[in-house]
Amino acid sequence: FFSHRSRPKLLTHPSSTMTSHPDTKIDCSKVYVKKSSFSTEETGDFDGAFAAVAIKEGELIEKGVMRRLPEGFDGNTCPYIFTWSEKRPCPTWGMGSGCAPFYNTCKQGTANTRMVRYFDEDRFEIFANRDIEKDEEMLHTYISLKWRGCFSELNDIVHADEKADEKKESA
């Protein structure tokens, strides 16, 4: 038991960065997680993935593994897991490692990152679509955003401007 007065201090250098072993399957050393910049009083608090360092377009940001969930698991009801198949309806769902579960989504073509999925190897890589500044929140477009039931409200928010345009055109 340590009181606040006797708690040992952790020694860290302000410019120290995490490095990983060359054989690691998981590396998210360029990413940290904190409250999302998209959190509002209306949405409540939720987390996001942020760049721990400046990242160049095309650069590998994170790599990780996917653990397949048991057969029969319905990912249409759980937003915290990944679509892990190109088939529709999706027969396979996965739980991602590292910071990947904390990347929030945005409209197709506007994300600053992209996830490359290696379904047959149960792994993924996340790359920068453009230069990303240190401390910038990182987003990628969920491949299931438009059809998964658990994302219906989120999909409406992300595509609200399109729905407004459709209303104007039909009026």
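For clarity, every value in this text was computed on a predicted model and none was experimentally measured.

Caption draft 1: Quick peek at the overall build of the protein. When its secondary structure is counted, the protein shows two helices and eight strands. For the protein, the succession of helices and strands along the chain, N to C, is β-β-β-β-β-β-β-β-α-α. Sorting the 171 residues of the protein into buried and exposed places 35% on the buried side. Within the protein, residue pairs in contact and separated by at least 24 positions form 65% of the contacts whose partners lie at least 6 positions apart. A total of about 11500 Å² of accessible surface is found on the protein, and carbon and sulfur atoms cover 53% of it.

Caption draft 2: Here's a closer look at the sheet that holds strand β2 (residues 47–51). Reading across from one edge, β1-β2-β8 is the order of the three strands in this open sheet, with antiparallel pairing throughout. What marks the edges here is a single partner per strand, and that holds for β1 (31–35) and β8 (137–138).

Caption draft 3: Representation of the environment of Glu 59. Examined against the element boundaries, Glu 59 turns out to sit in the loop between β2 and β3 (60–68). On the basis of relative accessibility, which here comes to 24%, the residue Glu 59 falls in the partly exposed class. Spatially, the C-alpha atoms of Glu 59 and Ile 126 are 8.6 Å apart, while their sequence positions differ by 67 residues. Once you skip the residues sitting within four places of it in the chain, Glu 59 turns out to touch Lys 30, Ile 126, Phe 127 and Ala 128. Side-chain polar atoms of Glu 59 contact the side chain of Lys 30, separated by 2.8 Å.

Caption draft 4: How the structure looks around the sheet that holds strand β5 (residues 93–96). The five strands lie next to each other as β4-β5-β3-β7-β6, forming an open sheet whose pairing is antiparallel. Looking at the sheet topology across the chains shown, the edges are occupied by β4 (82–83) and β6 (113–118). By the bridge criterion, six bridges tie β6 to strand β7 (residues 123–128) in an arrangement that is antiparallel. For Thr 113, the partnering residue across the bridge sits in β7 and is Ala 128.

Caption draft 5: Just the nonpolar core, in detail. By size, the foremost hydrophobic cluster in this structure holds 19 residues, and its most contacted members are Ile 61, Tyr 103 and Met 138. Elements with a minimum of two residues in this core: β2, β3 and β7.

Caption draft 6: Representation of the pattern of salt bridges. Counting across every chain of the model gives seven salt bridges. Across the pair Lys 35 and Asp 45 runs a salt bridge, and its minimum N-O distance is 3.2 Å. Of this pair, Lys 35 sits in strand β1 while Asp 45 sits in the loop between β1 and β2, placing them 10 residues apart in sequence. By relative accessible area, which is 62% here, Asp 45 ends up exposed. Residue Asp 122 is joined to Arg 68 by a salt bridge in which the shortest nitrogen-to-oxygen separation is 2.8 Å. You can see Asp 122 sitting in the loop between β6 and β7 and its partner Arg 68 sitting in strand β3, a full 54 residues away along the chain.

What counts as what
- Residues numbered from 1 in each chain as written.
- Predicted model: local features only at pLDDT ≥ 70, side-chain atom pairs only at ≥ 80, totals over all residues.
- Heavy atoms only, no water.
- Helix = DSSP H or I, 4+ residues; strand = E, 2+ residues; numbered from the N terminus.
- Buried < 20%, exposed > 50% of the residue type's maximum accessible area, 1.4 Å probe, protein only.
- Contact = heavy atoms within 4.5 Å.
- Areas by Shrake-Rupley, 256 points an atom, 1.4 Å probe, with all protein chains shown as cover.
- Pairing = 2+ DSSP bridges.
- Polar contact = N/O pair within 3.5 Å; in protein donor to acceptor, adjacent residues only side chain to side chain.
- Core = buried A, V, L, I, M, F, W, Y, C linked by side-chain atoms within 4.5 Å.
- Salt bridge = Lys/Arg side-chain N within 4 Å of Asp/Glu carboxyl O.

Such coordinate-based values are descriptive only and should not be taken to indicate function.
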